[in-house]
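Each chain, written out:
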Amino acid sequence: MNKNVELITELADAFGPSGFEDEVVNTARRYTKELDVYEDHMRNFYMKPKNFSGKKLHVLLDAHSDEVGFMVHSVRPDGSLRFTNLGSPTLVTLASDKVRVRNDRGEFIPGIISSVSPHYAKTSSANAGAITQINQLSMDVGATSDKEAEEEFAITMGEPATFDTTCEYDEEHGLIFGKAFDCRVGCAAVITTLNRIKDMDLKVDVSGVLAVMEEFNAGGAQIAAQTVKPDLVICFEGCPADDTIASGSDIQTRLKHGPFLRHMDGSMISHPRFQKFALDTAKKYGIKWQAGVREGSGTNGMKYHVANQGIPTIVMGIPVRYAHSANGITAEEDFENAVELTVKILTELDENIFETF
Ligand SMILES: [Zn+2]
């Protein structure tokens, strides 16, 4: 396993539903030993190369450290856990997913999301096919009563949980299977880019942030915008691929077709001149790229582009099939091309180009 894949898989396997990103930050720390790092009280994790001057145009590389997950709402008398969502997990695939619940002692308790076995499908009120709301499901850690769940398992309301999936690497095809690539593959790209440029003499200053709570309310990015006050932002994303769910000319985000730069989504119109500069840079260096027009959803860009005096922002998406579910697919080469394109953008950028934005 090469260094990039090792970083992506360790970050993706880390526990980090929105608001509980501690393990992601701890993992990131191990890969940023040659950078100056700082963590705020929300667990936003800031990184700077040691040659950061503070005097040049400042480009911030952002990725969100959280993933979609769950919070225990209440313990039912039978010991099962009613839960709600943190962010928007794919509802239809939840039944029977493996999860990890962090208990009051900080331990991880294995569990599964309930399903209705065929033996009871006709008689149960919780017919699996009829599930339309998350509160019809339960998480089950195997407790037999509410008392046991609370006393033996130390699980009560407010405990966070997320999918229990361990990455698998198909080296022959350059593919990684796992959870939380949205946005841990982006976190890995920010860290890898900063480590690549840390000794380069660029015309811009570059820093990075792994921002918390994007899936919930993008609060981490709002804090980062105010704290860092960058001039430009590149938001990395593990962006949803549509190549197996759309057809014909509707397909815009394909696996193994390079980083995906959206012209807009439901939260932001990407800065058109920065976007053009980024795409022109990809063409100039012959780096694979793809672009598209997202009709919904959003990124941390929603907070940055309207922060301070207005910050030109673009999104560098690394395609992820089946984002927000327990099992997704991402391609090593898309990660590498995203990092390569970003390094080239940072190499080309200067004050004069910024003035034309
Ligand atoms: Zn995301």
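### Quick word on the overall build of the protein
Broken down by element type, the protein carries nine helices and 17 strands. Computed over its C-alpha atoms, the radius of gyration of the protein comes to 21 Å, within 12% of the 21 Å expected for a compact globule of 357 residues. Referenced to the eigenvectors of the C-alpha coordinate spread, the extents of the protein come out at roughly 70 × 45 × 40 Å. Here the protein holds 357 residues, and 54% of them are scored as buried. Residue pairs in contact within the protein that sit at least 24 positions apart in sequence constitute 76% of those at least 6 positions apart. Per element, the accessible surface of the protein, about 15,400 Å² overall, is 50% carbon and sulfur. Mean positive and mean negative side-chain charge positions of the protein (35 and 52 charges, respectively) differ by 4 Å.

### A word on the packing of helix α6 (residues 272-285) against helix α8 (residues 332-348)
It is at 10 Å that the axes of α6 and α8 come closest, and there the two elements cross at 110 degrees. Comparing the axis directions of α6 and α8 gives the class roughly perpendicular. Side by side, α6 and α8 meet where Phe274, Phe277, Ala278, Thr281, Ala282, Lys284 and Tyr285 of the first sit next to Leu341, Lys344, Ile345 and Glu348 of the second. Residues that form the contact of α6 with α8 fall into these classes: seven nonpolar, one polar and three charged.

### Focus: the side chain of arginine 184
Counting through the fold element by element, arginine 184 comes out in helix α4 (residues 181-197). Residue class for arginine 184 comes out buried when judged on its relative accessible area of 0%. Of the polar contacts made by the side chain of arginine 184, one reaches the backbone oxygen of serine 65; its length is 2.8 Å. In this structure arginine 184 touches Leu11, Ala12, Ala14, Gly16, Val24, Ser65, Asp66, Glu67 and Lys179, once residues within four positions along its chain are discounted.

### Notes on the pattern of salt bridges
Using the criterion set out here, one finds 20 salt bridges in the structure. When the shortest N-O distance is used, the salt bridge between arginine 196 and glutamate 340 registers 2.9 Å. Of this pair, arginine 196 sits in helix α4 while glutamate 340 is found in helix α8, placing the two residues 144 residues apart along the sequence. Residue class for arginine 196 comes out partly exposed when judged on its relative accessible area of 40%. Note that aspartate 243 is salt-bridged to arginine 321, the shortest N-O span being 2.9 Å. Placement of aspartate 243 in the loop between β13 (232-240) and β14 (260-264) and of arginine 321 in strand β16 (residues 313-321) is noted, with a sequence separation of 78 residues between them. Exposure remark for aspartate 243: the relative accessible area of 17% places this residue in the buried category.

### Concerning the domain arrangement of the protein
Each assigned domain of the protein is listed with its residue range as follows: domain 1 (3-67 + 179-356) and domain 2 (69-163). On a C-alpha basis, the centroid separation for the pair domain 1 and domain 2 is 32 Å. Across the boundary between the two partners, domain 1 contributes 16 residues, which contact 18 residues of domain 2. Among the residues of domain 1 in contact with domain 2, Phe15, Phe20 and His324 are the three that bury the most area, contributing 43% of the side total. Applying the counting criterion to the domain 1 and domain 2 interface returns one salt bridge. Glutamate 23 is the salt-bridge partner of arginine 100, the closest N and O atoms lying 3.7 Å from each other. Among the residues making up the side of domain 1 that touches domain 2, the classes are represented as six nonpolar, four polar and six charged.

### Overview of the side chain of aspartate 62
For aspartate 62, the position within the fold is in strand β3 (residues 57-64). A polar contact is formed between the side chain of aspartate 62 and the side chain of asparagine 300, at a distance of 3.1 Å. Apart from residues lying up to four places away in sequence, aspartate 62 is in contact with Val190, Val209, Ala211, Ala221, Val233, Ile234, Cys235, Phe236, Asn300 and Tyr304.

### Observations concerning the state of the cysteines
On inspection of all chains with the given rule, the structure shows zero disulfides. Considering cysteine sulfurs only, cysteine 187 is the nearest to cysteine 183, which forms no disulfide, with 5.2 Å between them. Cysteine 235 takes part in no disulfide bond, and the closest cysteine sulfur to it belongs to cysteine 183, at a distance of 8.7 Å.

### Remarks on the pairing of β16
Of all nine residues in β16, nine are buried, a share of seventy percent or more. Burial along β16 is two-sided: Thr313, Val315, Gly317, Pro319 and Arg321 and Ile314, Met316, Ile318 and Val320, pointing in opposite directions, are all buried. Summarising the sheet, β13 and β16 pair through eight bridges and their orientation is parallel. Bridge assignment links isoleucine 234 to a residue of β16, and that residue is isoleucine 314. Where β16 lies against strand β17 (residues 328-331), two bridges are found, and the strand directions are antiparallel. From the neighbouring strand, valine 320 faces β17, where its bridge partner is threonine 330. Adjacent in sequence and paired antiparallel, β16 and β17 are bridged by six residues, among which tyrosine 322 carries a positive phi angle near 65 degrees.

Criteria and cut-off values
- Residues numbered from 1 in each chain as written.
- Predicted model: local features only at pLDDT ≥ 70, side-chain atom pairs only at ≥ 80, totals over all residues.
- Heavy atoms only, no water.
- Helix = DSSP H or I, 4+ residues; strand = E, 2+ residues; numbered from the N terminus.
- Rg over C-alpha atoms; globule rule 2.2 N^0.38 Å.
- Buried < 20%, exposed > 50% of the residue type's maximum accessible area, 1.4 Å probe, protein only.
- Contact = heavy atoms within 4.5 Å.
- Areas by Shrake-Rupley, 256 points an atom, 1.4 Å probe, with all protein chains shown as cover.
- Lys, Arg positive; Asp, Glu negative; His and termini not counted.
- Charge placed at Lys NZ, Arg CZ, Asp CG, Glu CD.
- Axes fitted to C-alpha atoms, helices over the stretch in contact; angles between N-to-C directions.
- Parallel < 35°, antiparallel > 145°, perpendicular 65-115°, else oblique.
- Nonpolar A, V, L, I, M, F, W, Y, C, P; charged D, E, K, R; others polar.
- Polar contact = N/O pair within 3.5 Å; in protein donor to acceptor, adjacent residues only side chain to side chain.
- Salt bridge = Lys/Arg side-chain N within 4 Å of Asp/Glu carboxyl O.
- Domains from an automatic or database assignment.
- Buried area = accessible area lost by both parts, 1.4 Å probe.
- Disulfide = S-S within 2.5 Å.
- Pairing = 2+ DSSP bridges.

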